[in-house]
Amino acid sequence: MLDFIIKEPINKGWSCDRKYRVTTADGTRYLLRITPFEKSANRENMYLMQKEVERLGVPMCKPIDFGKCDEGVYTLQTWIDGKDAEDVVPFLADSEQYALGLEAGRILKKIHSIPAPSDQPDWETRINDKADLKIRKYNECELKYDNGQAFIDFINANRYLLKNRPQVFQHGDYHIGNMMIENGKVVVIDFDRYDFGDPWEEFKSITWCAQASPLFASGIVNGYFDNNVPMEFWKLLALYISLGTITSLPWAIPYGDGEVQTMKNLANEVLEWYDNMQNPVPSWYFKGYYLQYIDDLPYKMKAPFDFSFISQYGKVFKVFDDQDSGNICFGTEKDGEKYFVKFAGAPTEAYNGTPEDAIRRLKSTLPVYENLKHKNLIELVEAKKTCGGFAMVFKWVDGDCMGRMYPAEHRRFMNLPIADRLNVFGDILDFLDYTNSSGYVAVDFYDGSIMYDADSHKTTICDIDFFRKQPCINDMGRMWGSSKFQSPEEYKLGADIDEITNVYCAGAFAFALFDNYNRTREDWQLSDEAFTVAAKAIRNDRNERYQTIKDLKEVWRKSL
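Quick summary incoming for the structure in this document. None of the values given here were measured: they were computed from a predicted structure.

## Topic: unusual backbone geometry
- Looking along the chain, the bond that leaves Q470 and enters P471 is cis, with omega of -5°.
- Mapped onto the elements, P471 comes out in the loop between β22 (468-469) and β23 (472-473).
- Phi angles above zero are rare outside glycine, and N164 is one such case at about 65°.
- For N164, the location among the structural elements is in the loop between α5 (149-157) and β7 (168-170).
- Phi at D226 takes a positive value of approximately 55°, unusual for a residue other than glycine.
- One can find D226 in the loop between α7 (214-225) and α8 (231-252).

## Focus: the sheet that holds strand β21 (residues 458-461)
- Pairing is antiparallel across the open sheet formed by three strands, whose spatial order is β18-β20-β21. One side of each edge strand has no neighbouring strand; the edge strands of this open sheet are β18 (400-401) and β21.
- Pairing geometry for strand β20 (residues 450-453) and β21, over four bridges, is antiparallel. Bridge pairing in β21 places D453 opposite K458.
- Against the sheet, helix α13 (residues 418-437) makes contact with β20 and β21, and its axis sits at roughly 135° relative to β20, the strand it touches most.

## Let's talk about the packing of aromatic side chains
- Taken as a whole, this structure holds 54 aromatic pairs when the rule is applied.
- A cation over an aromatic ring shows up here: R521 above the ring of F531, its NZ or CZ 5.6 Å from the ring centre.
- Across from the ring centre of Y546, 4.6 Å away, lies the NZ or CZ of K536, which sits over that ring.

## What to know about α5
- Turning to α5, its buried residues number three or more, namely A150, F151, I152, F154 and I155.
- Buried residues along α5 sit against α4 (123-140), α8 and α9 (257-273).

Criteria and thresholds
Residues numbered from 1 in each chain as written. Predicted model: local features only at pLDDT ≥ 70, side-chain atom pairs only at ≥ 80, totals over all residues. Heavy atoms only, no water. Helix = DSSP H or I, 4+ residues; strand = E, 2+ residues; numbered from the N terminus. Pairing = 2+ DSSP bridges. Contact = heavy atoms within 4.5 Å. Axes fitted to C-alpha atoms, helices over the stretch in contact; angles between N-to-C directions. Phe/Tyr/Trp six-rings, centres within 6.5 Å; stacked < 30°, edge-to-face > 60°. Lys NZ or Arg CZ within 6 Å of the ring centre and 35° of its normal. Buried < 20%, exposed > 50% of the residue type's maximum accessible area, 1.4 Å probe, protein only.

Structure representation (structure tokens):
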């Protein structure tokens, strides 16, 4: 074994192994796992199987060395400088969650290319014996699931599917908790429970993936089957998940009430997914997006589209594909300068209108950005027709978006110190005041329009596409925008949309920033006086609100 100058314990996971991050004199880090002698019977075989998996090019903790030491047997593996997938994936954009799932599914397909030994016991006999034992243990268990019989009935009705199933090498515990994300890619860890068996049984742990991210779980299935999932798979998976679920309750009892409740919650969720085991396709499953890639970044579309023109603005480092406006946006970098490119005319996934309408609307925003120049407004560089559509190019702004469509950024934004959020709200009030004095009214102004850079303490307004010239009348009924920020008049055809409407929007921002969108006194983080001010701003009767943004600004500042 190599000599280490640093040995740091890792206290994570369920394994009996003692785990360490170790560092050699040249600064190279490794994962060291030490298994007690009495638990080490299969560790050499596991090491050899990991060697086989590595030869397939699977991204993983690569096995380096194996041997005996005073404490037991050790396995030395490469160190992964990544983050736990379960801490990262749920907070990524939808397309990124799904793309990583596709990647994980394709990795699993590679792992399953290793055949089981020729003397492997017959699968049907082996699983039927296990099923009998698991059902008996569940029936003897002092605790029961609500409608746990549904699992047993499904198992018994579908045992015939076990006949003539192939057997391969299995990771043994393939789910989001045994994956890491390094440089935007999936890395597989922890082969402790490796086995040989039906490749489709490997998916039984997908329940943990589906709880964390249904898109990631769906991607695993679609990536494995190349988007052609057979119905027989779903039925067998439901059988294997049923077996795992009834096993979990007796297993959890020795670990205490907390684990028991976790398993009961999971069982209830599984029953919901499968409509009490009446539908073999779980409700979390999503058939998938059409994904394109630009500079190795995934984004979802309804159909292919050529975005090669983006290269004139440099390399893409970020894609924003969740807008329902018909626009898709790219962050690019060229010669040390960063840009934000907004484009209409492509068949984006979240948009249900025509490309022509999206182009027309984006073109109509050009005068708004040209006329409303403000220190907190994103700066327009150019606008032009291109590739059958229309592009607007802005200077890039660093920071996190407040919008809930970007979970990781939203979480960081909402965890900002109150002083920073007060700065944001003050900038919103100033911008709305400026908007009114410039002869415009804010429409579709919501959390997705706000960015904040915690380092520079700068707020940026990044989306004013639907702002209108005054006077403005509601000519739509339900106007563009988020219901969290819309006043009653934005739902009423023929109603005035004006500065009083924007007072309501400002009040809604106050509750979003300081009350987690709840509009309740219990969760309000500022003074009672400030709560009263915000509550008056969002009165349904517009005559009871503050009548100008200036009035709101004045009483708000006095309330702090």
